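Listed below are the residues making up each chain.
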Amino acid sequence: MKEQEDMNDHGRRNFLRNVAIATVATAACGSLNCSCSSKKPAVSEKIKLLSPDGEIVEIDSAYLNHQEHMAIVSKLEAREGIAGKKFVMVVDLARCKNARKCITACQKWHYRPEETEWLTVKLLKDSEKAAPYWFPKQCFHCDNPPCVKVCPVDATFKRNDGLVLIDNERCIGCKFCMAACPYSTRVFNWSEPEVPFDLRNLASNPETNIPARVGTVEKCDFCPDRAREGLLPPCVEACPNGVFYFGDENEDTVTNGEETVSFTQLIKDRAGYRFLEELGTKPRVYYLPPKDRQFPVERGYENLPDNLKDRFKDIMEPEKK
Amino acid sequence: MELNSYQQQAFDYQRPEIEKFGKLNWFFTIFFLCWIAAGGYALYLQIAKGHGVTGMRDNVVWGLFIVNFIFFIGLSYAGAIIAGVLHLLKVPWGKPIVRLAQMMTVISVVVGPVFILLCVGRFDRLHHLFIYPRIQSPMTWDVMAVVTFFAGSVLFLYLALIKDLAVYRDAKLNIPKWKQWLYKFLAIGYRGAASQKRHLIISQNLLAIIMIPLSIIVASILSWIFGMTLRPGWHSTIFGPYFVLGALYSGCGVLIVAMWVYRRMYKLDNYITKKHFVNLGYVMMMLAAGYGYFTFSEYFTGWFGSAKWESEVINKLFSPGEYGWWTLFANAAGILLPILIVAIPATRKVSLITIAAFIMVMALWVKRYLIIIPTLESPALPMQDTRMEYVKYSATWPEWTLTFAGVATFLLFFTLMAKFVTIVPITGLEDPHLQHNNHHEPVAVNEVTQPA
């Protein structure tokens, strides 16, 4: 009981601290207008806050900026998952042209440096005569996750809603999960990560993993903090071609932001499959084969900057090798 | 403590080594300490700047450190098995080298785990291994295994030392007071009374019986850190036995080299004889054959089956542009060379066996590198990365410095321990010329082994 109180107390203090930071950050920008008006409470109420001078001040909640990336739930709840959900993703390979908008959006949202991609787009060519295709890859949030099995400290865990998340305050950085993941999904903070000033003091939570911490592992988290607010992950929203369908297996519904379809019907009609099914990891990400493609594969290659072109040169220009 | 004339002679002969700390000892001690200090600086860099100072990256997440971990821990397990077998089977010629084997066990189980800690990104969170342990993880198994093994091996060495410590205590050695006190303290009042003898031999026998299976278990658990993942070149049922044999084999080689070094430095030719080298040489040859067989099975099944992911690793190992030459070295020098040197009577000499053992130990280190790195360089999905350091592992100077610091620590411990205890045990030592009659154990042992 006492522990519970302590935790609540702790949570309250964190909350106050975060709100205070949010206030300071907003004040520093010299504007109090809210960028996300949708989240303003309908009826304004007074909220007590701790000012930077150490005084308690009352502020109309309408003037508070919503602080993004502030975890909405406690760390314990973040280990449980969102009740009743079973997140699933479907990636339509026929629509991908390596526009890379998903990667930019993901990195912007998670404050990842340019080279650290939680979401990557590979160019796969299954056999010599097979046609190459673009292959976006997030974390597969496997139902039999090899990474979770090997974690010695329960820093990475599987939730009831299907997500595999990481507690970067518990992770000891042994990298066993990285060695165990067959899909090279996980990335490591090899040096002190650059975190924007106003996010540095956020209370860490497995649902946000902001701020990133040196010497710990991180990866795509399917943005559960956004899911709690009814928002789609940035990669889904950013894709100009509607490649990613994100949704809930329990509701049997997935959406790419424009069209909302039945998950089972989509998998049935388009012969959905899971990557490397034979490994038995049971991924939560399904792929639709690149049949009747919307773009020729070259479209994703021609206009790339040279450093990115180099990644795919072996497949796109084999004669030059 | 009563010693027979042969034992007294052995003690008097080795006495100066534990009384004096010669110039050469100082030179080596300072030399090793310098390396360790350099390693300390590299470690400081790694902690201050993050693991980015190493060659490890997102694909090759483990590098030299884990290779060294497997290498040193392997020596440790080998030492325990060799010492345990020599003790239990009462091998008559084994007495003079048991201590070296036990020293190797304890020293490498101290040095080895340091290297796995170097792989860990957050030193400040190591206690999480104990406060949030997760029993499913092979890493947790390994933590338990190494801690258990450490306790066992220290005890195993200590029990074997007690009689000797009593001899040193009673010998009126010309040594500083603290050392005299330490001998007295560690000898825990052993006087050679019948009941003391009995208790000691029972505990030693029991511990030897425990240490042999324990070594096999912990070596297998070490292999399962790799074997339990789904990666080609690792995910193989042979991995447990493969690591046990590899550990035993390389440990045998290091023991031969250690025997040679001490025999030469401390002029122990009368005690560590050609017989020891030849006999351990035979053991080494048999282990080489076994290791070769396992290696062949592993590569041959992988190559013949030629599953896509598996053959990618095999191709890397055998193509001259990648690891081909290293594979050739690891197998030629690590398997064929010791077999040939020991099998041919003309080359079955102390010096050649030692050289073969030394080269084999190097080759086995390379072999561990070949087990770890090429697999990590072969993810299921193509890397398609333009950052070369992410695609191909190459160890950086902090990693090499720390590696040599580890070797220096290993050697430093050997140097210092040889100044504290005699390399050849005094008590229980028997005159090899009297060994034709089979009474090579005191009566007390028979009393113990008979059912009460």
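Residues numbered from 1 in each chain as written. Chains lettered and ligands numbered in written order. Predicted model: local features only at pLDDT ≥ 70, side-chain atom pairs only at ≥ 80, totals over all residues.

(A) Molecular detail of the overall build of chain B. Within chain B, the secondary structure is distributed over 16 helices and 0 strands. Against the globule reference of 22 Å for 452 residues, chain B gives a C-alpha radius of gyration of 23 Å, in line with a compact fold. The principal-axis extent of the C-alpha atoms belonging to chain B is close to 70 × 50 × 50 Å. Burial analysis of chain B (452 residues in total) assigns 45% to the buried set. Long-range contacts, defined as pairs at least 24 residues apart, comprise 83% of the intrachain contacts of chain B with a sequence gap of at least 6. (Helix = DSSP H or I, 4+ residues; strand = E, 2+ residues; numbered from the N terminus. Rg over C-alpha atoms; globule rule 2.2 N^0.38 Å. Buried ≥ 20, exposed ≤ 12 C-beta atoms within 10 Å, placed from the backbone. Contact = placed C-beta atoms within 7 Å.)

(B) Representation of the overall build of chain A. Helix and strand counts for chain A stand at 9 helices and 13 strands. Here chain A, with 321 residues, has 40% of them falling under the buried criterion.

(C) The sheet that holds strand 10 (residues 244-248) of chain A, seen in detail. Residue and element names in this part refer to chain A. One open sheet accounts for 5 strands, arranged 12-11-10-3-13; its pairing is mixed. At either end of the open sheet lies a strand with only one pairing partner, and these are strand 12 (260-262) and strand 13 (285-288). Averaged over all adjacent pairs, the angle separating strand axes in this sheet is 25 degrees, with direction ignored. (Pairing = 2+ DSSP bridges. Axes fitted to C-alpha atoms, helices over the stretch in contact; angles between N-to-C directions.)

(D) The arrangement of the nonpolar core in detail. Within the largest apolar cluster, 200 residues are counted, with the highest numbers of intra-cluster contacts made by A:F244, B:I66, B:L100, B:C252, B:L255, B:I256 and B:M259. Once you skip the residues sitting within four places of it in the chain, B:L255 turns out to touch B:I82, B:I97, B:L100, B:A101, B:M104 and B:L280. (Core = buried A, V, L, I, M, F, W, Y, C linked by C-beta atoms within 7 Å.)

(E) The arrangement of the interface of chain A and chain B in detail. Facing the 37 residues of chain A at the interface are 37 residues of chain B. Mapped by element, the contributors of at least two residues to the side of chain A that touches chain B are strand 4 (120-124), helix 4 (146-150), helix 5 (176-180), strand 8 (187-188) and helix 9 (306-316) of chain A. Partitioning the side of chain A that touches chain B into residue classes produces 21 nonpolar, 6 polar and 10 charged. (Nonpolar A, V, L, I, M, F, W, Y, C, P; charged D, E, K, R; others polar.)

(F) Region of interest: the packing of helix 3 (residues 64-88) of chain B against helix 9 (residues 239-265) of chain B. All names here are of chain B. Look at helix 3 against helix 9: their axes get within 7 Å of each other, and the N-to-C directions meet at 80 degrees. One finds that helix 3 runs roughly perpendicular with respect to helix 9. Facing helix 3, whose interface residues are F71, G74, L75, Y77, A78, G79, I81 and I82, helix 9 presents G246, A247, L248, S250, G251, C252, V254 and L255. Its residues assigned to classes, the contact of helix 3 with helix 9 comprises 11 nonpolar, 5 polar and no charged. (Parallel < 35°, antiparallel > 145°, perpendicular 65-115°, else oblique.)

(G) Just the pairing of strand 1 (residues 46-50) of chain A, in detail. Residues and elements named next belong to chain A. Here strand 1 pairs with strand 2 (residues 56-60) via 5 bridges, running antiparallel. Residue pairing for strand 2: K46 is matched across the bridge by D60. The loop that links strand 1 with its antiparallel partner strand 2 comprises 5 residues; one of these, G54, has a positive phi angle of about 90 degrees.

(H) Spatial organisation of the pairing of strand 13 of chain A. Residue and element names in this part refer to chain A. Both faces of strand 13 are covered, namely the face carrying V285 and Y287 and the face carrying Y286 and L288. Looking at chain direction, strand 3 (residues 87-92) and strand 13 are connected through 4 bridges and run parallel. Bridged to D92 within strand 13 is L288.

(I) Geometry of the confidence of the model for chain A. All names here are of chain A. Chain-level pLDDT for chain A is 85 on average; 83% of the residues reach the 70-or-more range. Overall, residues 1-7 carries pLDDT values under 50, and its contacts beyond four positions in sequence, including any with other chains, amount to 0 contacts. Ignoring residues within four places in sequence, the model shows residues 22-41, a span with pLDDT below 50, making 17 contacts including any to other chains. (pLDDT = per-residue confidence, 0-100.)

(J) Here's a closer look at the packing of helix 10 (residues 274-305) of chain B against helix 13 (residues 350-376) of chain B. Residues and elements named next belong to chain B. Relative to each other, helix 10 and helix 13 sit at 40 degrees, their axes nearing to 10 Å. One way to sum up the angle between helix 10 and helix 13 is to call them oblique. Crossing angle aside, the handedness with which helix 10 passes helix 13 is left-handed. Residue-level inspection shows K274, F277, G281 and M284 of helix 10 in contact with helix 13, the latter providing V350, I353 and A357. Of the residues that constitute the contact of helix 10 with helix 13, the class distribution is 5 nonpolar, 1 polar and 1 charged. (Left-handed = near helix turned anticlockwise from the far one by under 90°.)

(K) The arrangement of the environment of A:K282 in detail. Residues and elements named next belong to chain A. Counting through the fold element by element, K282 comes out in the loop between helix 8 (263-269) and strand 13. Taking the C-beta count within 10 Å as the criterion, K282 has 13 such neighbours and is therefore assigned partly exposed. Among all residues touching K282, those that are not within four sequence positions of it are C142, D143 and N144.

(L) Here's a closer look at the confidence of the model for chain B. Here chain B shows a mean pLDDT of 92. Residues at 70 or above account for 96%. For residues 439-452 of chain B, every residue scores under 50 in pLDDT, and the model assigns this stretch 14 contacts once sequence neighbours within four places are set aside.

(M) Main features of the environment of B:F300. Residue and element names in this part refer to chain B. Turning to its location among the elements, F300 is positioned in helix 10. Residue classification places F300 among the exposed residues on the basis of 11 C-beta atoms within 10 Å. Remark: the alpha-carbon pair of F300 and I314, spanning 14 residues in sequence, is separated by 9.4 Å.

(N) A look at unusual backbone geometry. Residue and element names in this part refer to chain A. The peptide bond linking I210 to P211 adopts the cis configuration, its omega dihedral lying at 0 degrees. Along the chain, the position of P211 falls in the loop between strand 8 and strand 9 (217-218). Despite not being glycine, K175 shows a phi value in the positive range, around 70 degrees. With respect to the helices and strands, K175 occurs in the loop between strand 7 (164-166) and helix 5. The phi dihedral of D292 falls on the positive side, at around 50 degrees, and the residue is not glycine. In this structure, D292 sits in the loop between strand 13 and helix 9.

(O) Fine view of helix 11 (residues 308-318) of chain B. Listed as buried for helix 11 of chain B are B:V313, B:I314, B:K316 and B:L317. Down the axis, helix 11 of chain B shows its buried residues gathered within 160 degrees of arc, on one side only. (Arc of directions from axis to C-beta.)

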